[in-house]
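Each chain, letter by letter, is given below.
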Number of protein chains: 2
Amino acid sequence: MATWIWYPGDFEVWLGNRFNNRRTERGAMFPPFWKQDSHWVTVEFSKAFTLEEAEDIAIGCEGRYNLMLDGKLQFLAGRNTFTIPAGEHKLNLKVWNQTSPPALFIDGKTVKTDSTWLATYEDKIWIDENGVAHGSGIYVPAASWNFDKMETPPSNYQLERKVQRPVGCDEIATNGTEGVTGCDKFATNGSAREARSTVATNGTGRLYDFGKETFGYLRVKGLKGRIRIYYGESREEALDKEHCETLDVMAGCDKVATNGTKRNGTVREAPNGTAGEVTNDDGQLGSKAFRYVYIETEEGSRYDEVYMEYEYAPFDVDKSGSFCCSDGLLNQIWEVGAYTMDLTTREFFMDGIKRDRWTWSGDAIQSYLMNYYLRFDTECVKRTIRQLRGKDPVTAHVNTIMDYTFYWFKSVLDYYLYTGDIDFVREIYPKMQTLMDYVLGRTNDDGMAEGQADDWIFVDWVDFPMHKRGVLCFEQILFCKALETMQRCAEELRSHPLEQAPQGSITDEAYAADAERYRELAEQLWIKVKNLFWDKEKKTFMHAVEDGKMNEQVTKFPNMFAMIYGFASEEEQRQIMERVMLNPQVDAITTPYMRFYELEALCRMGRQQEVLKEIRDYWGGMLAEGATTFWEKYNPGEKGTEHLAMYGRPYGKSLCHAWGASPVYLLGRYYLGVSPLAPGYAEYEVRPVLGDLQWMEGAVPTPFGLIHVKMTTDTITVEADGGKGILIAPDGQRIDIQGKTTYHY
Amino acid sequence: MATWIWYPGDFEVWLGNRFNNRRTERGAMFPPFWKQDSHWVTVEFSKAFTLEEAEDIAIGCEGRYNLMLDGKLQFLAGRNTFTIPAGEHKLNLKVWNQTSPPALFIDGKTVKTDSTWLATYEDKIWIDENGVAHGSGIYVPAASWNFDKMETPPSNYQLERKVQRPVGCDEIATNGTEGVTGCDKFATNGSAREARSTVATNGTGRLYDFGKETFGYLRVKGLKGRIRIYYGESREEALDKEHCETLDVMAGCDKVATNGTKRNGTVREAPNGTAGEVTNDDGQLGSKAFRYVYIETEEGSRYDEVYMEYEYAPFDVDKSGSFCCSDGLLNQIWEVGAYTMDLTTREFFMDGIKRDRWTWSGDAIQSYLMNYYLRFDTECVKRTIRQLRGKDPVTAHVNTIMDYTFYWFKSVLDYYLYTGDIDFVREIYPKMQTLMDYVLGRTNDDGMAEGQADDWIFVDWVDFPMHKRGVLCFEQILFCKALETMQRCAEELRSHPLEQAPQGSITDEAYAADAERYRELAEQLWIKVKNLFWDKEKKTFMHAVEDGKMNEQVTKFPNMFAMIYGFASEEEQRQIMERVMLNPQVDAITTPYMRFYELEALCRMGRQQEVLKEIRDYWGGMLAEGATTFWEKYNPGEKGTEHLAMYGRPYGKSLCHAWGASPVYLLGRYYLGVSPLAPGYAEYEVRPVLGDLQWMEGAVPTPFGLIHVKMTTDTITVEADGGKGILIAPDGQRIDIQGKTTYHY
């Protein structure tokens, strides 16, 4: 089947720029802090083949192009078809497109664009002393996805939409009632000077409630005149015109300035190129996250109806993970977690859907893991990994954060383990090399990753004082894992050679040399880290060395990652559990972000029962507060609107944040107990743990389909369509899984 | 004055893609062999200032943008104005533009965009353990040129145009007459299959003669139906429908397909995105180089008039170089050389205007030098240097050619010497560093630049066998000069510190360390090169070492560059002249490209009289053949249409090629004898040499205006408005130049 092809990574870089630039802060666009890359503007696609008979091909192209048959340029003069004579041939097409990735679609009887075509951004022709032309470019398999029709090129890509209508509407007077200030800080039609003064209004408006957190495009039918729109994840936010995080102004056609874009009878106020103008690609209001929308109508203006177009990444529920158990609260937590994941699974995995709206590597690696237990949307994982990495040269850590660089490496290994997709590892490996070169080029004299002046050392948002400068044990553990990941990927690529490696491919010898080099680096680093940070008296990893002096602080971070990443021996893990993880003297973790790893560490030590209690308290607590999706942060000690505030802003907290959904991962991974042992679930284990439940039942998606697990207090049933599975029962028995397998314990 | 600003180099990268992709080969577009880069798609512009009173600013922007005043994002909602209150402030605007370089224009009473604004593509914000945000981006002064009105943004840039009409028109029957074959190889409306078969036609048409070589856009008024257009630099080429290098098909509106672009009543056949479609930016026929145009009209078609829009880079003749002497032929050679330069001086310096149409570093460095003696278009020099270098990472030599990388470095030093523009050196220096890193990362075990499998070693087009693999002495001499250039630029930047260096600037210490490092590298390399290649018996630099063995070949290339680049002592220069340059046993140079350096070497040895003879023979020979511009190659032994052929194609030779114009440089540099001794002509010498002339008179442009020189057989008069000049008379006298200075010798 013919499909649109392009240079690997280009689609993600281009789409990522649109995605990340849709973030707004009170009507102003808000691009990322790091460099935004661009696709290769000129790409050559080629394919060699033999035809038994002449063949007509239809050519679709995003960009201007030329076509070379057997090294000879053809004059096509306005036609999008070409006839290839019978025989042995090579087609080369060079495509130039400044605006969106050069992409090609060729459809003939046998000649069709797909991933067997090669791509290069530089054919590097040169002519030797005998006048012979050489091409020494580096070629890679062309990228493709599901753009299988000529009329659906990659640049037209968008998520699915469906109409949602509000479930309620209140008439509101904003003059000091409802906790709303009687003024706004931006003028709608005044001079620039007025825009910054405080104008008193006596607005009245309507507050629409869409019933639960949602994401998409607000639509206003029959608008005459002008309205102001204030979005809220909470009722309070929508009504707080001064502090709500997102807002819009919309005018009906009769008031439109000549430079505005007319579409569907309404337009955004701002023409292209204007600050504050962050419209959707079709010129309408940009997408927003909200449950509530408060609309004020200017005097003399009116509209007929308000609804929204919900925007979502489609998935197949029959191929998705599931979880159901004897505890209704847990079931509800799983459902809300799944909805939180669905809202944040978009063109890329997004952290929070209201304010943040960028891709973040540390957040994304958790989304990937949850996704492997929910929708198994591997394309979104690949897109996000590619987008986060961007293009060379590397000028900063991923998202400028050192830990996020290390998570990025780990996410490739996770992806390979869950999917077995060695082709993606091969594609991304050169980008792993150059990112690791960047890391290795910035180590200190001891070979450790010490933050330089322009590195963000994140670790976690903590409320207690925590040193982030100097050499952090936490960062070294992640660094070690990144080096191990390089080694492992090089080994896997060495043992999966291509039958026909394209010109310029990395050789098997180079992979072998890399594997050895990274193995040595990882080993040497770990010896140093262990010697430096492992306190033999305290039986804990210490937090940091600053200016050559060991800091006395003990935190959970390095200790739990030493457990999860497999650096701590069983004995050390037990010591860490006792001395750190279960030690009330050690500062508590307060973000769902790091609770993900904390609860994972507890589960790995068999403490599923305690973890269930934590889940009921923490995530159940959010539900009790009325959450319809899980939050960026939750402190059970806070009350009322305190839950909405963060970053010093009254509605700064994201009420739909991917990292809030970790029960989706924990329940699949450590209760249903399903995990791959060999890449792509070629081998896997099911190690179910009930905790305090009476029964549970669920499914985990894999490349070959679902693995169903059902467990009661005395029986386990597992059913799967592929892979070599082993069931590890609570009594320690190991049972081979074959078809539907039942075990009574 | 307010002016449009952008990130340095972005305009050139973007414009370069348009420029280089305009090349066509018989109707098919022909992009370069090397990677085409892209502008930074998101750029932040900033400026700190203090206002005595509030000020309104108007904002123009290419791209979507936001505006931050004192760190706070503003909601502008469709306005392109903003009021800044009195006081101390900082403005930051972030602009996103995928399609053309993000560019900004701000115009207020005192706040205006110009080169005092800073730009970055990555503000690299990060948040420390105390929650404090840090920006650790690298900032540079924003780039600007002459886009001084809001309504003329950089993306609208185009050269000037004026109408030219043909001076003659012949009715031609193409059925075997006029040496034209009676067929063409491309169908105009047939199926793809027909397109490749040979279709016999009995066309008749009209041949238009524009009187001399020209460049621009053919225009056809009142076209009904369809015509086929064949361009020729010669009459023969235009009439040879099968082999002419460029051609077009044009249809009047009444026959236009729905996907064609309608403009001015005519359209190119090919819609956007179609092979063979290389229209101009306004959708009309793309620009072409030609003197003759042959037009065949389809049956039932007709048109009213043919003319062309000549396209050119404007210049001020009163500020240009000039040359006039007692020899009318030389004067004509100078004029035709100047016209050749004017035709190839465009958005960038182009090599040849018909076929080549890319920027080439080795060609460009000669254009720059000619330009310093003709129009002194320093902006075009800077644009071409930036465009050739492109963006990081460096993945190939400049134009894939090792020698062209080295010329690129040298061209920066030349530019600095002629202009004194240290700001440009500062801007480009980081790109020099990374390119030199690439070179140093590919040297062999002896530290020499040896061609790797994907390096093009060009040197020159030669008709004799010449080894290009192994270690070439020629390449090492260029490499040495590149290292010296790095040293010199680092020293100059060290001694020209900025008063207020933007955040992330290279420190004085780093410049000093660089200077020392490159000095050492250059010195060490030269010692090795001298030991290896200088044959103490033969008194010549040998050509190459291959597989550890000295090749016995002697060529002029390394020897003349050792002279010109100052590596050979005076004694060695005399030896080289005798043993190599004037030795008939050594293979002759046959391209104007290397004759540039050969004649320069002869002039430097005081052989102006012989060189005049060469100029009269060689360039005069082309004029005698009817040249209206100078050619890519000229062999006086060839006859008739042999002069038109090259690269195995009957019209492959460019009849308007920049490197053909070298008399413009030689006459200014070695006869008028004007050259800078200190950067920007702060100090300069005038060392006039008459050769066999009775008198000569001319002017050389400098940053402070023209230096006029007039010389007869007994008197020299020099007049200049600036700089510290010294006149060196034929009798060896050195006279300080002050105002109008006359010396009788």
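Residues numbered from 1 in each chain as written. Chains lettered and ligands numbered in written order. Predicted model: local features only at pLDDT ≥ 70, side-chain atom pairs only at ≥ 80, totals over all residues. Heavy atoms only, no water.

1. Focus on the packing of aromatic side chains
Aromatic ring pairs are defined here through the distance separating the ring centres and the angle between the ring planes. Applying the stated criterion to the full structure yields 118 aromatic pairs over all chains. The side chain of A:Lys162 reaches across the aromatic face of A:Tyr312, ending 4.9 Å from its centre. One residue, B:Lys212, lies across the ring of B:Tyr339, its end atom 4.3 Å from the ring centre. (Phe/Tyr/Trp six-rings, centres within 6.5 Å; stacked < 30°, edge-to-face > 60°. Lys NZ or Arg CZ within 6 Å of the ring centre and 35° of its normal.)

2. Describing unusual backbone geometry
A cis amide bond links A:Asp392 with the next residue in sequence, A:Pro393, at an omega value of -5°. For B:Asp70, which is not glycine, the phi dihedral falls at a positive 50°. Structurally, B:Asp70 can be placed in the loop between β6 (64-69) and β7 (72-73). Residue B:Asp70 is classed as partly exposed on the basis of its relative accessible area of 41%. (Helix = DSSP H or I, 4+ residues; strand = E, 2+ residues; numbered from the N terminus. Buried < 20%, exposed > 50% of the residue type's maximum accessible area, 1.4 Å probe, protein only.)

3. Concerning the packing of helix α4 (residues 328-344) of chain A against helix α14 (residues 608-624) of chain A
Residues and elements named next belong to chain A. Running from N to C, α4 and α14 point in directions that differ by 65°, and their axes come no closer than 10 Å. Helix-helix and strand crossings are classified by hand; for α4 and α14 the assignment is left-handed. Between α4 and α14, the residues in contact are Leu329, Leu330, Gln332, Ile333 and Val336 and Leu612, Ile615, Arg616, Trp619, Gly620 and Leu623, respectively. Here the contact of α4 with α14 is composed, by residue class, of eight nonpolar, two polar and one charged. (Axes fitted to C-alpha atoms, helices over the stretch in contact; angles between N-to-C directions. Left-handed = near helix turned anticlockwise from the far one by under 90°. Contact = heavy atoms within 4.5 Å. Nonpolar A, V, L, I, M, F, W, Y, C, P; charged D, E, K, R; others polar.)

4. Regarding the pattern of salt bridges
Overall, the coordinates contain 107 salt bridges over all chains when judged by the stated rule. The residue A:Lys35 makes a salt bridge to A:Asp37 at a minimum N-O spacing of 2.8 Å. The class of A:Asp37 is buried, set by a relative accessible area of 12%. In this structure, B:Asp10 engages B:Lys391 in a salt bridge whose closest nitrogen and oxygen atoms are separated by 2.9 Å. Of this pair, B:Asp10 sits in helix α1 (residues 10-20) while B:Lys391 sits in the loop between α6 (378-389) and α7 (402-419), placing them 381 residues apart in sequence. Of the two residues, B:Asp10 and B:Lys391, neither departs from the other in class, the shared state being buried. Through salt bridges with shared partners, a single network forms among A:Lys124, B:Arg442, B:Asp454 and B:Asp455. (Salt bridge = Lys/Arg side-chain N within 4 Å of Asp/Glu carboxyl O.)

5. As for the confidence of the model for chain A
All names here are of chain A. Taken residue by residue, chain A gives an average pLDDT of 91. The fraction at 70 or more is 92%. In this model residues 176-202 is a low-confidence stretch, pLDDT under 50, and it forms 59 contacts with partners more than four residues away in sequence or in other chains. Counting contacts from residues 254-282, a segment whose pLDDT is below 50, to residues more than four positions away or on other chains yields 87 contacts. (pLDDT = per-residue confidence, 0-100.)

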